[in-house]
Amino acid sequence: MLSTQQIDPTRSGQARRFLPVKWIVNAWRWLFPKTQADKDRQAKGPRLLAQIFLVLFCLMMIAGAVIYAKPIKDTYDEWRSKRLIRDAEKHLKEGDPIKAYLAAQEAQQLSPDYIPALRVLAQLLTSAGQNQAIYFWQRLEKFGANTLEDDVGHVRALLRLSRSKEAEDALTDLLDKHPANPQLIKLGEEVWGKSGADQRHLTKMRHFLQANPEDRDSALLTARRELASENADDRLLGRASYFALAQGKDAVALTALRDLSMLEDLTPAERHEIAELTLNHPNAQEGDRVMAFDHRVKNDPLNKNRLIEQELIRTRDLKRDDLYPICRWLALNREFNRLVAITNVQEIKTHELLLLNYMGALSMLGRLSELEDLVEDPETHISVGSRSFYRAHLALVKGMSAGTLDRDKLLDLLNRAKEAAFKERRADMLMRLAEYAESHMFPSVALEVYKMGALSLKQNVRQFFAGWMRLALATGDTKSYRHAAREGGRRWPDDQNFIDGAIYADLLIGENVERQLSRARKQLELRPDDSSRKLLVALGYWRLGDEATAVRNMQGIDSEDVGGPGRKAVYAALAHRGGVLKESMPLDEKLKMLPEEKDLWERLR
């Protein structure tokens, strides 16, 4: 009777569960009477028990709120974050990274430890080259949620931020864990590709290649690293591997032929082999055929004119894009008359690359009226920066030939060309402009172009830093020189020129002496016989007032190896002051030196 009851006799065999609740109702009314009269008749015991029950119930509700409120909120925030991340991924597919970043950022703010939000933010910030990317990759690693793809993303972020040493260490750890992963092997080419072969990476690549002998892409990467090695045996192996790969008919063989053509120490036999293999490759482009022609000319310089005429006959009916490689070759080899002769100026007016080579040839031939007509012709399809540069060039050449050069007007034209080139983000045009301004005695324009190019561009930045340091040194701008060296050292921590430059500038000025002396000593430990680093250490001790230790570090310095004329002046001054040199070295006071270098030389010699 207490478990089931047949309530409806017409529904035979369908008894339902019976739960007696009357006792529960009675107990509730005993504690909490239904009417006021029942409340008045209630005994003290049930009333006290009811009050205790209410207090306990309230305490339980409060405790439940304290214990479960945050998990409930976190669950709700994570649910919202999940929706926002779906929106971010949708925006990424639609090609809108800004909206994707805003959605992912909101998701991460709602749920700081939500793994998908951390991952999307890390990927987006890596693509944008932002420092914050490292923080999010490290968070993923901290939570143990990082996948191999995440680790690769972390390495790429370090690369984008020019933290090459950290990228090398991180990749080495990954290769130790995944020695046969082709993705990591190829990533190694990006990490070590610009700084020469790293022996650890080369060893791992060889092990991978032994296990995957049919992987020609990896074989090409291995050969490339071997050829870049400082070890002569590695270079011989790399060269042999390159020629073996070049025997094929696939894309790897063509790439091998192109890489081999860049070598400067090719023998005539090697040049002949490269030329023949290139001409017989089914996928060779016009640029490859001109490269083969170049090898033939270098192998037979006495017949250069005949070979050029044969090549011009072969290429005379080519379309504009295919015509560019031979025109470029003629320009680089100073065959300006031939370049002008084979070019139909009306056909190339809308092809900027051909047009720039043609205009350069006109300039070298002194055909200034034709060049000016092209520059001012509105149908001439060249960028604003290129047009501004040629206007400045024409003003210089015409002014010098007529003896009426207006340097103020020329400076204005160069500044206009600079502004246009920066707006177009043309690294090649900017470098050309900087070198032009430097060679024609406009150092202020050149220095500004080098500096702005170094700090704002993303391609070919190192050569802008080198130009910045060189020109700052030539113009006696110590602070600018130090700025360039410091920033260059931060981006390329393995580049000794930047590191030594930053140390030298600080010691010369007399700032951060103790820290820079410590760095100089560490640098000297790496190359104990380096005279320029011995000078840095000696200068550091002299700045601290320890002349005895400075003199000891002057021993064994070769004055010809300390650096430029300014460093020679510093060495001469310190060596003479310390008695290392009995007579002061003769130095031409007209030589370009930094003010601090000249001051030291004049005070201490």
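Check the entry above for the structure.
Just so it is clear, the model here is predicted, and its values are computed rather than measured. (Residues numbered from 1 in each chain as written. Predicted model: local features only at pLDDT ≥ 70, side-chain atom pairs only at ≥ 80, totals over all residues. Heavy atoms only, no water.)

In this structure, what is going on with the overall build of the chain? I would like to understand it.
Within the chain, the secondary structure is distributed over 33 helices and two strands. Relative to the 2.2 N^0.38 estimate, which gives 25 Å for 605 residues, the radius of gyration of the chain is 38 Å and therefore markedly larger than a compact globule would have. Taken over the C-alpha atoms alone, the chain extends approximately 125 × 75 × 60 Å along its principal axes. Here the chain, with 605 residues, has 43% of them falling under the buried criterion. Within the structure as shown, the chain displays about 34100 Å² of accessible surface, and the carbon and sulfur contribution to it stands at 53%. (Helix = DSSP H or I, 4+ residues; strand = E, 2+ residues; numbered from the N terminus. Rg over C-alpha atoms; globule rule 2.2 N^0.38 Å. Buried < 20%, exposed > 50% of the residue type's maximum accessible area, 1.4 Å probe, protein only. Areas by Shrake-Rupley, 256 points an atom, 1.4 Å probe, with all protein chains shown as cover.)

Before we go on, may I ask you to explain the packing of helix α20 (residues 352-365) against helix α21 (residues 368-376) in this structure?
The geometry of a pair of packed helices is captured by two quantities: the angle between their axes and the separation between those axes. Across the interface, α20 lies against α21 with an axial gap of 8 Å and an inter-helix angle of 150 degrees. Two packed elements cross with a definite hand, and for α20 against α21 that hand is left-handed. Contacts from Leu-355, Tyr-358, Met-359, Leu-362 and Ser-363 in α20 reach Glu-370, Leu-371, Leu-374 and Val-375 in α21. Along the lines of polarity and charge, the residues of the contact of α20 with α21 split into seven nonpolar, one polar and one charged. (Axes fitted to C-alpha atoms, helices over the stretch in contact; angles between N-to-C directions. Left-handed = near helix turned anticlockwise from the far one by under 90°. Contact = heavy atoms within 4.5 Å. Nonpolar A, V, L, I, M, F, W, Y, C, P; charged D, E, K, R; others polar.)

It is not clear to me how the packing of helix α23 (residues 407-424) against helix α24 (residues 427-439) should be interpreted in this structure. Could you clarify?
Taken N-terminus to C-terminus, the directions of α23 and α24 make an angle of 160 degrees; their axes are 9 Å apart at the nearest point. Compared by their axis directions, α23 and α24 come out roughly antiparallel. Crossing geometry of α23 relative to α24 is assigned as left-handed. Side by side, α23 and α24 meet where Leu-414, Ala-417, Lys-418, Ala-421 and Phe-422 of the first sit next to Met-429, Leu-430, Leu-433 and Tyr-436 of the second. Grouping the constituent residues of the contact of α23 with α24 by class yields eight nonpolar, no polar and one charged. (Parallel < 35°, antiparallel > 145°, perpendicular 65-115°, else oblique.)

Explanation requested: the environment of Tyr-101 in the structure shown.
When you line up the elements, Tyr-101 lands in helix α4 (residues 97-110). Classification of Tyr-101 by relative accessible area gives partly exposed; the value is 27%. Excluding residues that lie within four positions of it along the chain, Tyr-101 makes contacts with Leu-121, Leu-124 and Leu-125.

Help me out: how do you make sense of the side chain of Glu-270 in this one?
Secondary-structure assignment places Glu-270 in helix α14 (residues 268-279). Accessibility expressed as a relative area gives 16% for Glu-270, which makes it buried. Discounting residues that sit within four places of it in the chain, Glu-270 has contacts with Arg-239, Phe-243 and Asp-265.

Explain a nonpolar patch on the surface here, please?
On the surface, Leu-48, Ile-52, Val-55, Leu-56, Leu-59, Ile-62, Val-66 and Ile-67 cluster together into a nonpolar patch covering about 780 Å² of accessible area. Among the structural elements, Leu-48 can be located in helix α3 (residues 44-93). (Patch = residues over 30% accessible without salt bridge, like charges linked within 9 Å, V, L, I, M, F, W, Y side chains within 5 Å. Salt bridge = Lys/Arg side-chain N within 4 Å of Asp/Glu carboxyl O.)

Is there a simple way to think about the pattern of salt bridges in this case?
Side chains bearing opposite charge may pair, as long as their charged atoms lie close to each other. With the rule as written, the count across this model stands at 31 salt bridges. Where Glu-370 meets Arg-367, a salt bridge forms, and the shortest distance between an N and an O atom there is 2.8 Å. A relative accessible area of 30% places Glu-370 in the partly exposed class. A salt bridge links Glu-487 to Arg-490; its shortest N-O distance comes to 2.6 Å. In this pair, Glu-487 and Arg-490 both sit in helix α27 (residues 478-491), three residues apart, roughly one turn of the helix. Each of Glu-286, Arg-289, Glu-311 and Arg-314 takes part in salt bridges that share partners, so that together they form one network.

Explain the packing of aromatic side chains to me, please; I cannot follow it from the model alone.
Geometry of an aromatic ring pair is reported as the spacing of the ring centres plus the angle between the planes. For the coordinates displayed, the defined rule picks out six aromatic pairs. Every member of this aromatic cluster is reached through a ring pair, and the members are Phe-389, Tyr-390 and Tyr-436. Sitting over the ring of Phe-442, Arg-407 keeps its end group 4.1 Å from the ring centre. One Lys or Arg, Arg-567, reaches over the ring of Tyr-504 and ends 4.1 Å from the middle of that ring. (Phe/Tyr/Trp six-rings, centres within 6.5 Å; stacked < 30°, edge-to-face > 60°. Lys NZ or Arg CZ within 6 Å of the ring centre and 35° of its normal.)

What's the story with the environment of Pro-325 in this structure? I'm lost.
As for its placement among the helices and strands, Pro-325 is situated in helix α17 (residues 320-332). Not counting residues within four places of it along the chain, the set of residues in contact with Pro-325 comprises Glu-286, Gly-287 and Val-290.

What should I look at first to understand helix α32 (residues 565-578) in this one?
In an α-helix, one turn spans 3.6 residues, which is why side chains three or four residues apart end up on the same side. The end-to-end C-alpha distance of α32, which contains 14 residues, comes to 20 Å, matching closely the 20 Å that a straight helix rising 1.5 Å per residue would cover. With respect to burial, α32 is a largely interior element, ten of its 14 residues being buried. Burial in α32 covers these residues: Gly-566, Arg-567, Lys-568, Ala-569, Val-570, Tyr-571, Ala-572, Ala-573, Leu-574 and Ala-575. Just beyond α32, the residue with positive phi is Gly-579, at close to 85 degrees. (Expected span 1.5 Å × (residues − 1).)

Looking at this structure, I do not really get unusual backbone geometry. What am I missing?
Only a minority of non-glycine residues have a phi that is not negative, and only a minority of peptide bonds are not trans. Positioned with a positive phi, Arg-425 is a non-glycine residue whose angle comes to about 60 degrees. Position of Arg-425 among the secondary structure elements: in the loop between α23 and α24. Of the residues examined, Arg-425 reaches a relative accessible area of 46% and is grouped as partly exposed. In the Ramachandran plot, Met-441 falls in the positive-phi region, its phi being about 65 degrees despite a non-glycine side chain. Looking at the secondary structure, you find Met-441 in the loop between α24 and α25 (443-456). Met-441 gets classed as exposed once you look at its relative accessible area, which sits at 58%.

Looking at this model, I keep getting lost on the side chain of Glu-311. Mind explaining?
On the secondary structure map, Glu-311 appears in helix α16 (residues 304-315). Within polar-contact distance, the side chain of Glu-311 engages the side chain of Arg-314 at 2.6 Å. Setting aside its immediate chain neighbours within four residues, Glu-311 contacts Arg-289, Val-290, Phe-293 and Ile-326. (Polar contact = N/O pair within 3.5 Å; in protein donor to acceptor, adjacent residues only side chain to side chain.)

Looking at this structure, how should I read α21?
Along α21, the positions that sit buried rather than exposed are Leu-368, Leu-371, Leu-374 and Val-375. Looking straight down α21, one finds that the buried residues subtend no more than 125 degrees of arc, so they occupy a single side. Away from the buried face of α21 by more than 90 degrees, exposed residues Ser-369 and Asp-373 are located. Among the structural elements, α19 (345-348), α20 and α22 (384-402) are those in contact with the buried residues of α21. (Arc of directions from axis to C-beta.)

It is worth stressing that arrangement in space is one thing and function is another; only the former is reported here.
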